[in-house]
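Fold and geometry: a report
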Amino acid sequence: MSDHPVLHVKGRVLVGPDDVRDELWVVGGRISYERPGGARDLRTVEGWALPGLVDAHCHVGLDAHGPVPADVSEKQALTDRDAGTLLVRDAGSPSDTRWVDDREDLPKIIRAGRHIARTRRYIRNYAHEIEPEDLVAYVAQEARRGDGWVKLVGDWLDRGTGDLGACWPREAVEAAIAEAHRLGARVTAHCFAEDSLRDLVEAGIDCVEHATGLTEDTVPLFAEHGVAIVPTLVNIATFPRLAAGGDAKFPRWSAHMRRLHERRYDTVRAAYDAGIPVYVGTDAGGSLAHGLVAGEVAELVTAGIPPVEALSATTWGARRWLGRPGLDEGAPADLVVYDGDPRADVRVLAAPRRVVLNGRIVG
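These lines cover the structure that appears in this document, whether it is placed above or below. (Residues numbered from 1 in each chain as written. Predicted model: local features only at pLDDT ≥ 70, side-chain atom pairs only at ≥ 80, totals over all residues. Heavy atoms only, no water.)

Topic: the overall build of the protein
Helix and strand counts for the protein come out as 12 helices and 20 strands. The proportion of buried residues among the 363 residues of the protein is 55%. In the protein, the share of contacts with a sequence separation of at least 24, taken over all contacts with a separation of at least 6, comes to 66%. For the protein, the accessible surface area stands at approximately 14500 Å², while carbon and sulfur atoms represent 48% of it. (Helix = DSSP H or I, 4+ residues; strand = E, 2+ residues; numbered from the N terminus. Buried < 20%, exposed > 50% of the residue type's maximum accessible area, 1.4 Å probe, protein only. Contact = heavy atoms within 4.5 Å. Areas by Shrake-Rupley, 256 points an atom, 1.4 Å probe, with all protein chains shown as cover.)

Describing unusual backbone geometry
For Arg120, which is not glycine, the phi torsion reads 60° and is therefore positive. Within the secondary structure layout, Arg120 lies in the loop between strand E10 (116-118) and strand E11 (128-130). Backbone geometry places His210, a non-glycine residue, at a positive phi of 75°. Of note, His210 is situated in strand E16 (residues 207-210). Look at His210 and you get buried, because its relative accessible area is 4%.

Re the pairing of strand E18 (residues 335-338)
Of the two faces of E18, the one carrying Leu335 and Val337 and the one carrying Val336 and Tyr338 are both buried. Where strand E4 (residues 43-51) lies against E18, four bridges are found, and the strand directions are antiparallel. Note that in E18 the partner of Trp48 across the bridge is Tyr338. Where E18 meets strand E19 (residues 354-357), three bridges bridge the pair, whose relative direction is antiparallel. The partner of Val336 across the bridge, within E19, is Val355. (Pairing = 2+ DSSP bridges.)

Description of the sheet that holds E4
Strand order in the open sheet formed by seven strands is E3-E2-E1-E4-E18-E19-E20, and the pairing between neighbours is mixed. The open sheet has two edge strands, strand E3 (30-32) and strand E20 (360-361), and neither has a second partner.

What about the sheet that holds strand E5 (residues 53-58)?
If you walk across this open sheet you meet the three strands as E5-E8-E9, and the pairing is parallel. Looking at the sheet topology across the chains shown, the edges are occupied by E5 and strand E9 (108-111). If you compare each strand with its neighbour and ignore which way they point, the axes differ by 20° on average. Examined bridge by bridge, strand E8 (residues 85-90) and E9 share four bridges and lie parallel to one another. By the bridge assignment, Arg89 is partnered in E9 with Ile110. (Axes fitted to C-alpha atoms, helices over the stretch in contact; angles between N-to-C directions.)

Structural notes on the pattern of salt bridges
In a structure, side chains of opposite charge can pair up when their charged atoms sit close to one another. Within this structure, the stated rule accounts for 25 salt bridges. Of the charged contacts, one joins Glu142 and Arg145 as a salt bridge, the two residues approaching to 2.7 Å between their closest N and O atoms. Residue Glu142 and its partner Arg145 are both found in helix H2 (residues 135-145); the two are separated by three residues, about one turn of the helix. The buried category is assigned to Glu142, whose relative accessible area is 0%. Between Arg170 and Glu202 there is a salt bridge whose closest N-O contact spans 3.1 Å. Of this pair, Arg170 sits in helix H3 (residues 170-182) while Glu202 is found in helix H4 (residues 197-202), placing the two residues 32 residues apart along the sequence. (Salt bridge = Lys/Arg side-chain N within 4 Å of Asp/Glu carboxyl O.)

Below, the structure written as structure tokens:
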């Protein structure tokens, strides 16, 4: 990797929330805290440096109608990159984005395979739509296709009741999660409502997306089992608009969505206060734009999570949860540099000064 330039990053390097160093070097695309012998500064970058941000719920290769061509996927990934997101947990996509792994200028992706949903109980063209007797087989398939994660659709609109409802019987998710774990994969699930959560947690699920249905009964259950949540508050902000569109045909569903939206900040704060791990995710790629990671961090702060903890949810803590390095000696040089201290004001995340990916300045 001798074609990589040597970079000198100086100012304040936030290796951790309390581990602040004056400089680092990028040699051969990797981080070093020792000045390389005989090296010349080919480029100096100054400011407040953070590990590349994490969007732990993002969909590259997907739009509101289903899979998209590679050129659209590329634009999505570039938009995230330019916003400072250098690690994506792709929480379900029908597109094959493995080609991204060969591009040093695009964010790194941890894939969860394709969504697995109940027949006619999710957005058209997104998921494998199956019945409970096939759930174990499809979970095994997506565990092998993904990068250590599988994504279930835990609840959705039930046209029979006109409201949100759980998609899977308890015994089906127990068997499916056990199979994923046997294959070395973690399982997460889309859940808006209340009634799917207990079964999923007691079945051994690792994470829940959105988790707007958390209540005083299930918050302690999540905490006891160590189940993480990714609240996607920038997506939950769309609930009133969605509810308005369903008022005529599904009034119970619309009223439910409004209630979930109204208590969203209280829900997230209660989860945090109980010790539930909370991570940053935007749900970009369906009907939501990419590049919203800074807005999601700000939303967590609005919900009452301390700024440093909200920052960790997209940097140090999120990378540790996903098993990826931060600003560690010898790690790939994926970092973002800002003009101010993001611990003091997370809003600085909206304006990266420099983006460095695989040791190269890309933005």
